Amino acid sequence: MSTHKFSPKGSVAGLRPRAIVAGGAGFIGSHLCEYLLEKNFYVICVDNLLTGSMRNIKHLLSNPYFRFHRADVTRPLSLRGRAEVIFNLASPASPWDYLRLPLQTLAAGSLGTRNLLDLAVRKEAVFVLASTSEVYGDPEVHPQQENYRGNVNPVGVRSCYDEAKRYAEALTMAYHRKYGLSTRIARIFNTYGPRMKPDDGRVIPDMIMRALRGRPLRIFGNGMQTRSFCYVTDMVEGLFRLTRCPDPMPINLGSPEETTILGLAQILGRALKRKIRMRFLPALEDDPRKRKPDISRAMHLLSWKPSVPLKQGLASTIDWFRSIYT
Ligand code: NAD
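Counting restarts for each chain: residues are numbered from 1 in the order of the written sequence. Residue-level local features of this predicted model are given only where pLDDT is at least 70; pairs of side-chain atoms are given and counted only at 80 or more, and the full residue set underlies all totals for whole chains, interfaces and linings. Just so you know, side-chain values use all the structure's heavy atoms and leave hydrogens and water out.

**Notes on the site of the ligand**
Nearness is defined per residue: one heavy atom within 4 Å of the molecule or strand is enough. Around the ligand, the structure places 28 residues, and the nearest of them are Asp47, Thr51, Tyr161, Lys165 and Arg202. In protein, a polar contact means a hydrogen-donor-capable atom and an acceptor-capable atom, both N or O and within 3.5 Å, with residues adjacent in sequence counting only if both atoms are side-chain atoms; elsewhere, any N or O pair within 3.5 Å suffices. A distance of 2.8 Å separates an oxygen atom of the ligand from a polar backbone atom of Ile28. Here an oxygen atom of the ligand and a side-chain polar atom of Asp47 are 2.6 Å apart. Considered on its own, the ligand offers 820 Å² of accessible surface; in the complex 97% of this is hidden by protein. If you list the elements that add at least two residues to the shell around the ligand, you get helix 1 (27-38), strand 5 (126-132) and helix 4 (159-179). Each helix is a run of DSSP H or I of at least 4 residues and each strand a run of E of at least 2, with the numbering of both proceeding from the N terminus. Counting residues per element, the shell around the ligand draws most heavily on strand 5, which supplies three residues. Note on areas: Shrake-Rupley with a 1.4 Å probe; residue coverage comes only from the protein chains shown.

Written as structure tokens, this is what we have:
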């Protein structure tokens with residue numbers, strides 16, 4: 001099998017290339033489906049709606065080049081027809097989701113990834129795994145490069161997610177090495193934007209919703225822990241560019257613009273033009289102190305870096321939350 005047969009122009013003359021987006025009814029997945037439709041793909045969105053929602057894709061259902069297939073990827077998948085690329089985003093992703101769904105999260109990373117890899121082998125498709133910066137755990141090197149092997153607690157409360165993704169990466173590499181499957185691994189860092197759930201515990205929706213309701217923002221620990229936030233349109237562009245790059249080794253996708261959680265609260269206050277109050281709470285277990293990607297590989301191999309500044313992305317996200325929830 002070829003290791004690089006996908007061309008974004010389509011593999012069959014005159015026909016749209018077909019993409020399967022597992023987890024396509026989720027936050028990033030729904031933006032990816034939109035993006036692929038704009039790029040003239042035929043898109044099959046596979047999702048069991050465990051943490052996603054039909055609301056995220058309802059505007060796509062009338063598109064003749066979009067199909068929704070409700071299925072659990074942890075069960076064997078039979079999807080007829082060709083596919084040139086398969087994106088695996090199917091997994092609970094927010095801490096509150098994976099903490100309440102630890103077994104489903106482990107199953108999605110293991111069985112789900114395996115079923116999608118098998119599908120990719122049958123269809124001779126390029127396989128793209130949405131992995132995560134959580135594979136670095138609470139990192140001891142900063143910023144994180146792809147060759148850093150991480151500092152993950154294998155029995156901590158977050159291990160259901162971190163270890164599932166580490167296993168999914170190992171499985172993906174095994175399929176690449178054993179079957180010559182054309183695979184990609186994206187290590188996604190914190191991504192934000194419209195369609196995040198207001199109550200999934202991730203810091204940006206949590207802060208926006210509290211600020212809009214006039215409540216104090218919750219700061220876990222002293223607020224000096226850092227994160228780097230990538231706007232979702234930049235992320236889907238990176239995921240798409242990855243399909244064109246034959247390198248199977250992991251590539252960090254995220255913003256190198258680092259912000260403390262306290263700094264984020266202040267930027268939000270300015271964007272909302274409100275005086276914000278803060279409530280300090282005990283630090284969360286195994287919550288990383290620092291998180292920032294080294295994106296040299298993505299810049300070099302994909303000619304990619306985020307283009308939406310945090311201030312601008314937050315303004316669009318606030319507008320969306322305001323329009324939906326107030
Ligand atoms: P999300 O929860 O909004 O989307 C995940 C989607 O997968 C949901 O629609 C859910 O219903 C679906 N799903 C879960 N288990 C499934 C199963 N067994 N079968 C079929 N569908 C299933 O999360 P998201 O933020 O959009 O994340 C998408 C992917 O990106 C995840 O794999 C996540 O690990 C990865 N990621 C996201 C971030 C981020 O900041 N959002 C960071 C790192 C990695």
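**Regarding the sheet that holds strand 5**
Taken in spatial order, the seven strands of this open sheet run 3-2-1-4-5-6-11, and their pairing is parallel. The open sheet terminates on both sides in strands that have one partner only, identified here as strand 3 (66-70) and strand 11 (251-253). Across the sheet, the axes of successive neighbouring strands diverge by a mean angle of 20°, strand direction being ignored. With six bridges joining them, strand 5 and strand 6 (residues 183-188) adopt parallel strand pairing. Residue pairing for strand 6: Leu129 is matched across the bridge by Ile185. Strands in contact with helix 4 are strand 5 and strand 6; relative to strand 5, the strand with the most contacts, it is inclined by about 155°. Criterion used throughout: strands pair if DSSP finds at least two bridges between them. Between N-to-C directions, angles cover 0 to 180 degrees, with each direction set by a line fitted to C-alpha atoms, over the stretch in contact for helices. Two residues form a contact once any of their heavy atoms are found within 4.5 Å.

**Focus: the confidence of the model for the protein chain**
The predictor attaches a confidence to each residue, and that confidence, scored 0 to 100, is pLDDT. In this model, the protein chain carries an average pLDDT of 93, and 96% of its residues clear a pLDDT of 70 or more. In this model residues 1-5 is a low-confidence stretch, pLDDT under 50, and it forms 17 contacts with partners more than four residues away in sequence or in other chains.

**Brief notes about helix 9 (residues 310-325)**
A helix is expected to span 1.5 Å for every residue after the first. The end-to-end C-alpha distance of helix 9, which contains 16 residues, comes to 22 Å, matching closely the 22 Å that a straight helix rising 1.5 Å per residue would cover. Listed as buried for helix 9 are Leu310, Gly313, Leu314, Thr317, Ile318 and Phe321. The buried residues of helix 9 all sit within an arc of 135° when viewed along its axis, so they share a single face. Partly exposed describes any residue whose relative accessible area lies between the buried limit of under 20% and the exposed limit of over 50%, with all areas from a 1.4 Å probe on protein chains only and scaled to the type maximum. The directions considered for the arc are those from the helix axis to the C-beta atoms.

**Re a nonpolar patch on the surface**
Only residues above 30% relative accessible area that lack a salt bridge enter a patch, with like-charged residues linked at up to 9 Å and the nonpolar side chains Val, Leu, Ile, Met, Phe, Trp and Tyr linked at up to 5 Å. One speaks of a salt bridge when a side-chain nitrogen belonging to Lys or Arg is within 4 Å of a carboxyl oxygen belonging to Asp or Glu. Together, Trp96, Leu99 and Val157 line one region of the surface with nonpolar side chains, adding up to about 270 Å² of accessible area. With respect to the secondary-structure elements, Leu99 resides in helix 2 (residues 95-100). We classify Leu99 as partly exposed; its relative accessible area is 41%.

**Concerning the environment of Ala120**
Summarising the element assignment, Ala120 is placed in helix 3 (residues 102-123). On a C-alpha basis, the gap between Ala120 and Ala83 in space is 8.1 Å, while along the polypeptide they are 37 residues apart. Among all residues touching Ala120, those that are not within four sequence positions of it are Ile86, Ala125, Phe127 and Leu181.

**Focus on the packing of helix 5 (residues 203-212) against helix 9**
Where helix 5 contacts helix 9, the two axes come as close as 10 Å, and the packing angle between them is 55°. Taken together, the axes of helix 5 and helix 9 lie oblique to each other. Where helix 5 crosses over helix 9, the two elements pack in a sense that is right-handed. Here helix 5 contributes Ile204, Pro205, Ile208, Met209 and Leu212 to the contact with helix 9, which in turn contributes Leu314, Thr317, Ile318, Phe321, Arg322 and Tyr325. Across the contact of helix 5 with helix 9, the residue classes tally to nine nonpolar, one polar and one charged. Angles below 35 degrees are treated as roughly parallel, those above 145 as roughly antiparallel, those between 65 and 115 as roughly perpendicular, and all remaining angles as oblique. Left-handed is the label given to a crossing in which the near helix is rotated counterclockwise from the far helix by less than a right angle, and right-handed is the label when the rotation is clockwise. Under this grouping Gly is polar, as are all residues other than the nonpolar Ala, Val, Leu, Ile, Met, Phe, Trp, Tyr, Cys and Pro and the charged Asp, Glu, Lys and Arg.

**Section: the environment of Asn151**
The topology assignment puts Asn151 in the loop between strand 5 and helix 4. Judged by relative accessible area, Asn151 falls into the partly exposed class, the value being 30%. Taking the C-alpha atoms as reference points, Asn151 and Val135, 16 residues apart in sequence, are found 8.0 Å from one another. When neighbours within four sequence positions are excluded, Asn151 is seen to be in contact with Tyr136, Gly137, Asp138 and Glu140. At a separation of 2.8 Å, a polar atom in the side chain of Asn151 contacts the main-chain carbonyl oxygen of Asp138.

**Here we look at the side chain of Ser255**
In this fold, Ser255 is placed in the loop between strand 11 and strand 12 (258-260). Of note is the side chain of Ser255, whose polar atom sits 3.0 Å from the backbone nitrogen of Glu257. Apart from the residues within four sequence positions on either side, Ser255 is in contact with Ser228, Phe229, Cys230, Pro293 and Pro306.

**Brief notes about the packing of helix 5 against helix 7 (residues 261-272)**
The packing of two helices is summarised by the inter-axis angle and the distance between the axes. Where helix 5 contacts helix 7, the axes come no closer than 11 Å and their chain directions differ by 45°. If you check the angle between helix 5 and helix 7, you find them oblique. In the packing of helix 5 onto helix 7, the handedness of the crossing is right-handed. Contacts between helix 5 and helix 7 pair Val203, Ile204, Met207, Ile208, Ala211 and Leu212 from the former with Ile261, Leu264, Ala265, Leu268 and Leu272 from the latter.

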